[in-house]
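# Analysis of the macromolecular model
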Amino acid sequence: MSRRLRVGIDVGGTNTDAVVLDEADRVVTKAKRPTSPDVTEGLRAALDAVLAELPDPSLVTRVMLGTTHATNAILERRSLGRVAVLRLGAPATTSVPPLSDWPEDLRKTVAAGTAIVRGGHFVDGRPIAPLDVDAVKRFLAETPADAVAVTGVFSPAAADQENEVAEIVRREAGDVAVSLSHEIGSLGLLERENATVLNAALYGVARDVTTALREALRARGLVVETFFAQNDGTLMAVDYAARYPVLTIGSGPANSIRGAAYLSGVEDAIVADVGGTSTDLGVLVGGFPRESAAAVEIGGVTTNFRMPDILSVALGGGTVVGQEPRSVGYRIAREALVFGGTTPTMTDAAVSAGRGRVGTHAVPEEWRHRLADAVQAADGLVADAVDRVALGRADRPLVAVGGGAFLLAAEVPGAREVIRPRHAEVANAVGAAIALASGRIETIVPAAGAGNGRATLIEKAKEEAAARAVAAGADPASVQIVELSEIPLSYLSEPAVRLHVKAAGPLSR
């Protein structure tokens, strides 16, 4: 056995998966345990299961975690911090107050106070108005909060005012955490502001999860580096995750897609991750998840930070036949027919159709006709979903992963072939364990031929993206620019483009 091992853990809605990889990225051991209501207990159970299989757990040097803690906190409106919401945009943006489109219960839970002060920039970086420092100080003095969220108009193009406010907060409020919008989202004021406020509200959740993970590792005698999975299929160090907890949202599907790429050896494919409650379909592009071009809604709040382009359909191993989309979830091991229960599930339907061998009991004969109809309906649902994510291309393979991957047919319309890699049932945990660290930046630069130091600005953006990747845990000597895209902007006096740069690299040794 290799001298150094690492553990990947991914928390899903039904199961928490864990896997141990050696230095050659081979699977040493794996486990699947029910996800607990508090998430943490299921995490500990999965961790204990894989450690028990190792002759010497002290060989583990790194633990990578993809978790739903942040998503659950927003959806359930619990454990969220109170945020002082500050927008730098008067007089230009006062007609639409901060958080105006938030659900009322979430706004009351999160908002300690809101204000719009003079400041912000035009798209070319010129200031709309000088920053009103006195108004910032008054707002901070009048609004006690757990964190401060700062959003400036077009701050991705010019972040100086947001950075100045961060310094004011440190001087005036001490250790209060600050969330800056130019580090969180892309262009689009309201959506970027929403993402920045959610990020600030999650600081306490991130702290609690980090503490619980470290205590769990310490109790098991492990002295390791810990990393959190991001929603683009890469990793970030604990300190980085503490600053940007919102980036953990959506990490599960991204982990599955990255794990599917590694296990199958395919870099361009459709991936179907079949869990206990739903099937998530995404697309592999160059080994990474294709990102959504649309705004993403989280807990009723519209945001614009990067998320994998995922289509979820109500089909899982625990889906109750005839009562879709209801699922028995982690109770499948006692409620499904093949486990001696009385509830017909899609697992029973797949077993009846000869697609898998699961459980301890045979499927009762009186259910077979109805289960056959359920399989036919599920095949149609999957074919439709594949057609929607394929965007007209039928030349890509479909990689089937997840604990319920056996539900899928041997041939799926719209896919060249169906690939079922070894260890597919824990692809999400594998994806967390093999991921790179990354960083990215989005800004505005002159269009080609427009001059004005365009080349210098692009190089500066590349350096900033690489620096963020290193801050997330990447080896400085191995970081590479893996994505650089330009989108033309319309209706400007000077031609300009929105520049997106992503850097990634292996973790530091």
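One structure accompanies this document, and this report is about it.

Criteria and cut-off values
Residues numbered from 1 in each chain as written. Predicted model: local features only at pLDDT ≥ 70, side-chain atom pairs only at ≥ 80, totals over all residues. Heavy atoms only, no water. Helix = DSSP H or I, 4+ residues; strand = E, 2+ residues; numbered from the N terminus. Rg over C-alpha atoms; globule rule 2.2 N^0.38 Å. Buried < 20%, exposed > 50% of the residue type's maximum accessible area, 1.4 Å probe, protein only. Contact = heavy atoms within 4.5 Å. Areas by Shrake-Rupley, 256 points an atom, 1.4 Å probe, with all protein chains shown as cover. Pairing = 2+ DSSP bridges. Salt bridge = Lys/Arg side-chain N within 4 Å of Asp/Glu carboxyl O. Axes fitted to C-alpha atoms, helices over the stretch in contact; angles between N-to-C directions. Parallel < 35°, antiparallel > 145°, perpendicular 65-115°, else oblique. Left-handed = near helix turned anticlockwise from the far one by under 90°. Nonpolar A, V, L, I, M, F, W, Y, C, P; charged D, E, K, R; others polar. Arc of directions from axis to C-beta. Phe/Tyr/Trp six-rings, centres within 6.5 Å; stacked < 30°, edge-to-face > 60°. Lys NZ or Arg CZ within 6 Å of the ring centre and 35° of its normal. Polar contact = N/O pair within 3.5 Å; in protein donor to acceptor, adjacent residues only side chain to side chain.

### Let's talk about the overall build of the protein
What the protein contains, in helices and strands, is 14 helices and 21 strands. For 509 residues, the compact-globule estimate of 2.2 N^0.38 gives 23 Å, and the protein sits close to it at 24 Å. Within the protein, the proportion of its 509 residues that are buried is 56%. Long-range contacts, defined here as pairs at least 24 residues apart, represent 66% of the contacts in the protein between residues at least 6 apart. Element-wise, carbon and sulfur atoms account for 50% of the exposed surface of the protein, whose accessible area totals about 21100 Å².

### Some details on the pairing of strand S8 (residues 177-180)
Note: strand S7 (residues 147-152) against S8, four bridges, orientation parallel. Bridge assignment links Val-150 to a residue of S8, and that residue is Leu-180.

### Topic: the pairing of strand S3 (residues 27-34)
Walk down a regular strand and you will see the side chains alternate between the two sheet faces. Pairing of strand S2 (residues 15-21) with S3 involves seven bridges; the strand directions are antiparallel. If you follow Asn-15 over to S3, its bridge partner there is Pro-34. Hairpin geometry of S2 and S3 is characterised by an intervening segment of five residues between the two adjacent antiparallel strands and by a positive phi of about 65° at Asp-25.

### Considerations on the pattern of salt bridges
Per the stated rule, a full pass over the model turns up 29 salt bridges. Between Arg-78 and Glu-76 there is a salt bridge, and its shortest N-O distance comes to 2.3 Å. With relative accessibility at 34%, the residue Arg-78 sits in the partly exposed group. Measuring nitrogen to oxygen at the nearest pair gives 2.8 Å for the salt bridge that ties Arg-440 to Glu-291.

### What to know about the packing of helix H4 (residues 133-142) against helix H5 (residues 160-173)
Between H4 and H5, the shortest axis-to-axis distance is 10 Å and the interhelical angle comes to 45°. By the angle between their axes, H4 is oblique relative to H5. Here H4 runs over H5; the crossing is right-handed. Note on element contacts: H5 touches H4 through Glu-164, Val-165, Ile-168, Val-169 and Glu-172, opposite Val-133, Val-136, Lys-137 and Leu-140. Taken together, the residues of the contact of H4 with H5 sort by class into six nonpolar, no polar and three charged.

### So, the packing of helix H1 (residues 40-51) against helix H7 (residues 203-219)
Interhelical geometry of H1 versus H7 gives an angle of 30° and a closest axis separation of 11 Å. It follows that H1 is roughly parallel to H7 by the angle criterion. Taken as a pair, H1 and H7 cross one another with a handedness that is right-handed. The segment H1 lies against H7, with Thr-40, Leu-43, Arg-44 and Leu-47 engaging Ala-212, Leu-213, Ala-216 and Leu-217.

### Thoughts on H4
Among the residues of H4, Ala-135, Val-136, Phe-139 and Leu-140 are the ones counted as buried. Angularly, the buried residues of H4 cover 135° about the axis, an arc narrow enough to put them on a single face. Those residues of H4 that are exposed and aimed more than 90 degrees away from the buried face are Asp-134, Ala-141 and Glu-142. Buried-residue contacts for H4 involve strand S5 (83-90), strand S6 (111-118), S7 and H5.

### Quick look at helix H13 (residues 427-434)
H13 sits mainly inside the fold: eight of its eight residues count as buried. Among the residues making up H13, those that are buried are Ala-427, Asn-428, Ala-429, Val-430, Gly-431, Ala-432, Ala-433 and Ile-434.

### Observations concerning unusual backbone geometry
Backbone geometry follows two general trends: most residues other than glycine have a negative phi, and most peptide bonds adopt the trans configuration. A cis amide bond, omega 5°, links Ala-90 with the succeeding residue Pro-91. With respect to the helices and strands, Pro-91 occurs in the loop between S5 and helix H3 (104-110).

### Quick notes on the sheet that holds S5
Spatially, S6-S5-S7-S8 is the arrangement adopted by the four strands of the open sheet, whose pairing is parallel. In this open sheet, the two strands that pair with only one neighbour each are S6 and S8. Going across the sheet, the axis of each strand differs from the next one's by a mean of 20°, ignoring polarity. In the sheet, S5 pairs with S7 via six bridges, with the strands oriented parallel. The residue of S7 that forms the bridge with Ala-84 is Val-148. The strands touched by helix H6 (residues 189-201) are S5, S7 and S8; relative to S7, the strand with the most contacts, the crossing angle is about 165°.

### Quick notes on the packing of aromatic side chains
Applying the stated rule across the entire model yields one aromatic pair. Taking NZ or CZ as reference, Arg-258 lies 4.5 Å from the ring centre of Phe-288, over its face.

### Thoughts on the side chain of Arg-77
As for its position among the elements, Arg-77 is in the loop between helix H2 (69-76) and S5. Within the structure, Arg-77 has its side chain in polar contact with the side chain of Asp-105 (distance 3.2 Å). Beyond its immediate chain neighbours, meaning those up to four positions away, Arg-77 contacts Asn-72, Pro-103, Asp-105, Leu-106, Thr-109 and Gly-299.

### Some remarks on the environment of Lys-460
Its location among the elements puts Lys-460 in helix H14 (residues 454-471). Lys-460 sits in the exposed class, given a relative accessible area of 58%. C-alpha separation for the pair Lys-460 and Val-110, spaced 350 residues apart in sequence, amounts to 35 Å.

### Focus on the side chain of Thr-67
Its place among the elements puts Thr-67 in the loop between strand S4 (60-66) and H2. For Thr-67, a relative accessible area of 6% gives the class buried. In terms of polar contacts, Thr-67 uses its side chain to reach the side chain of His-69, at 2.3 Å. In this view, Thr-67 contacts Val-11, Val-39, Phe-228, Thr-248 and Ser-251; residues no more than four positions away in its chain are not counted.

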